[in-house]
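# Chains, contacts and geometry: an overview
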Amino acid sequence: MKTTLHTDWTIAEICKGFQYNKNEGKGLYGLDGQLTIQPEYQRNYIYDDGQKDVAVINSLLKGYPIGLIYFNKTKDGQYEILDGQQRITSIGRFVINYLAIKIVGRETYISGLDEEQKERFLNTKLTIYVCEGEEQEIKQWFETINIVGIPLNAQELLNAIYSGPFITAAKAEFSNSHNMNHHKWAAYIKGNVKRQDFLERALQWISSNKGMSVEAYLSLHRSNPDISEMKVYFETVIEWASNTFSMVEKEMCGLEWARLYETYHNKPYSVDYITKRVIELYQDEYVKNKKGIFEYILGEEKHPELLDVRFFEDSVKKAAFSKQTKEAKAKGVSNCPLCASGNNSNHSRIYKFTEMEADHVTPWSKGGKTTLENCEMLCKMHNRMKGNK
């Protein structure tokens, strides 16, 4: 790969013809149409937080260096930003009056600077390396130089490696902060649209459905602009979740919805019953894991371990053991009620505390409370045989 150092390009030249797409939140072009600011393999613009973008402008106004910037020179003589997209976009937004900074406590646009300040800013020269090479070399270099600052996450790297028509179309749908569907998706998926979290989840879901890795799916579809298969499957999972559970609870966000869909979507459910049970379980003080409620209900309430139900405290178990043992000795029978009711060799056996386990007389799943009144101590064998009948 060939690299050439340029120290003569000024901000005015780099930002000549700068265009910024407000709808998609990204810089488009610069250098009088010769520079593509956010090529397919670049992540979204994430500096628009009133801090990082402002810091870039303040640094330049004070004469501080803002680090090396890398361009890729394409075979047709055009340029793409390899590294520095966030900084160049911030500079461009300031140049076209889309970004204000505070000077002496007052918001100031570039048009509000005095002529000397403005001239000095626009004539500031940037340090830029221009790289030329094959696509694989450029992509490898892109990964290498993006290990500092705010590092690329896994999906941003995949976007770079498999850039092409599919990624472009997918980002337009799943990484567009102005897509109003994101408000609905955010109830079920954790993440930041600008950091590709919705796209990452959509790819994970469809690739798992097809029985392949995300990398294999992207490689297979890289040159295809049609994302309908992924979009339809993603929307199907979200619609199933929202139709099955009429409520939206914070614990629903981040669940494995695609796995739940594949496991349970062929079973009929009563929305009214599900809503009633969700409310009841949320109000149950013994349910520690609220996230497990949804799969617990879908699975016909057969797996209480999903709820991490709070079991009896040691003080309750010891009180129940003491009471049962005292009564059993008086009657000459075992302190395990099930052993005492039989005619086996353990009919009169008095178990140690460590040989017994606490159990709900009325099962928790059938409305039994985790209280002393509903606690009985059973020998380990009988407790594990009893289960949740």
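Here, the structure is the one placed above.
A brief structural summary. What you see is a predicted model, and the numbers here were worked out from it, not measured in a lab.

Between helix H6 (residues 154–161) and helix H9 (residues 197–209), whose axes approach to 9 Å, the crossing angle comes to 75 degrees. Judged on the interaxial angle alone, H9 and H6 are roughly perpendicular. Facing Ala154, Gln155 and Asn159 of H6, the residues of H9 in contact are Leu199, Glu200 and Leu203. Split into classes, the residues belonging to the contact of H6 with H9 amount to three nonpolar, two polar and one charged.

Glancing now at the sheet that holds strand S10 (residues 128–132). The sheet built from six strands is open, its strands ordered S1-S10-S6-S7-S5-S4 with mixed pairing. Bordering the open sheet on either side are strand S1 (2–6) and strand S4 (29–30), each of which pairs with just one other strand. Two strands pair when backbone bridges link them, and S1 and S10 are joined in this way by five bridges, in the antiparallel orientation. Of the residues in S10, the one forming a bridge with histidine 6 is isoleucine 128.

The next subject is the side chain of threonine 325. Among the secondary structure elements, threonine 325 is positioned in helix H15 (residues 314–331). A polar side-chain atom of threonine 325 sits 3.1 Å from a polar atom in the side chain of asparagine 335. In this structure, threonine 325 is in contact with Asn335 and Ile350, ignoring residues within four places of it in sequence.

Another point: the packing of aromatic side chains. Applying the stated rule across the entire model yields 20 aromatic pairs. Seen from their ring centres, phenylalanine 94 and phenylalanine 121 are 5.2 Å apart, and the 75 degrees between their planes marks the pair as edge-to-face. Taken as a pair, phenylalanine 94 in helix H3 (residues 85–95) and phenylalanine 121 in helix H4 (residues 115–122) lie far apart in primary sequence, 27 residues in all. Comparing phenylalanine 94 with phenylalanine 121 shows no difference in burial state: the two are buried. Taking the centre distance of 5.2 Å and the plane angle of 85 degrees together, the rings of phenylalanine 245 and phenylalanine 294 count as edge-to-face. Here the residue phenylalanine 245 occupies a position in the loop between helix H11 (228–244) and helix H12 (257–264), and phenylalanine 294 occupies one in helix H14 (residues 293–298), the gap between them amounting to 49 residues. For the pair phenylalanine 245 and phenylalanine 294, a shared accessibility class is recorded, and that class is buried. An aromatic cluster is built from Tyr188, Tyr233, Trp240, Phe245, Trp257, Tyr261, Tyr282 and Phe294, whose rings are joined through pairwise contacts.

What follows is about the pairing of S10. Note: strand S6 (residues 69–73) against S10, four bridges, orientation parallel. When the sheet's bridge partners are listed, tyrosine 70 is paired in S10 with tyrosine 129.

Right, let's talk about the packing of H11 against H12 for a bit. Here H11 crosses H12 at 75 degrees, and the two axes come no closer than 10 Å. One way to sum up the angle between H11 and H12 is to call them roughly perpendicular. Taking contact as the criterion, the partners of Tyr233, Thr236, Val237, Trp240 and Ala241 in H11 are, on H12, Trp257, Ala258, Leu260, Tyr261, Glu262 and Tyr264. Its residues placed into classes, the contact of H11 with H12 shows nine nonpolar, one polar and one charged.

Residues Phe166, Ile167, Ala170, Lys171, Glu173 and Phe174 constitute the buried set of helix H7 (residues 165–174). An end-on view of H7 places all buried positions within 165 degrees of arc, on one side of the element. Those residues of H7 hidden inside the fold are in contact with H6, helix H8 (181–185), H9, helix H10 (214–221) and H11.

Criteria and cut-off values
Residues numbered from 1 in each chain as written. Predicted model: local features only at pLDDT ≥ 70, side-chain atom pairs only at ≥ 80, totals over all residues. Heavy atoms only, no water. Axes fitted to C-alpha atoms, helices over the stretch in contact; angles between N-to-C directions. Helix = DSSP H or I, 4+ residues; strand = E, 2+ residues; numbered from the N terminus. Parallel < 35°, antiparallel > 145°, perpendicular 65-115°, else oblique. Contact = heavy atoms within 4.5 Å. Nonpolar A, V, L, I, M, F, W, Y, C, P; charged D, E, K, R; others polar. Pairing = 2+ DSSP bridges. Polar contact = N/O pair within 3.5 Å; in protein donor to acceptor, adjacent residues only side chain to side chain. Phe/Tyr/Trp six-rings, centres within 6.5 Å; stacked < 30°, edge-to-face > 60°. Buried < 20%, exposed > 50% of the residue type's maximum accessible area, 1.4 Å probe, protein only. Arc of directions from axis to C-beta.

Any functional reading would require information that these geometric values do not contain.
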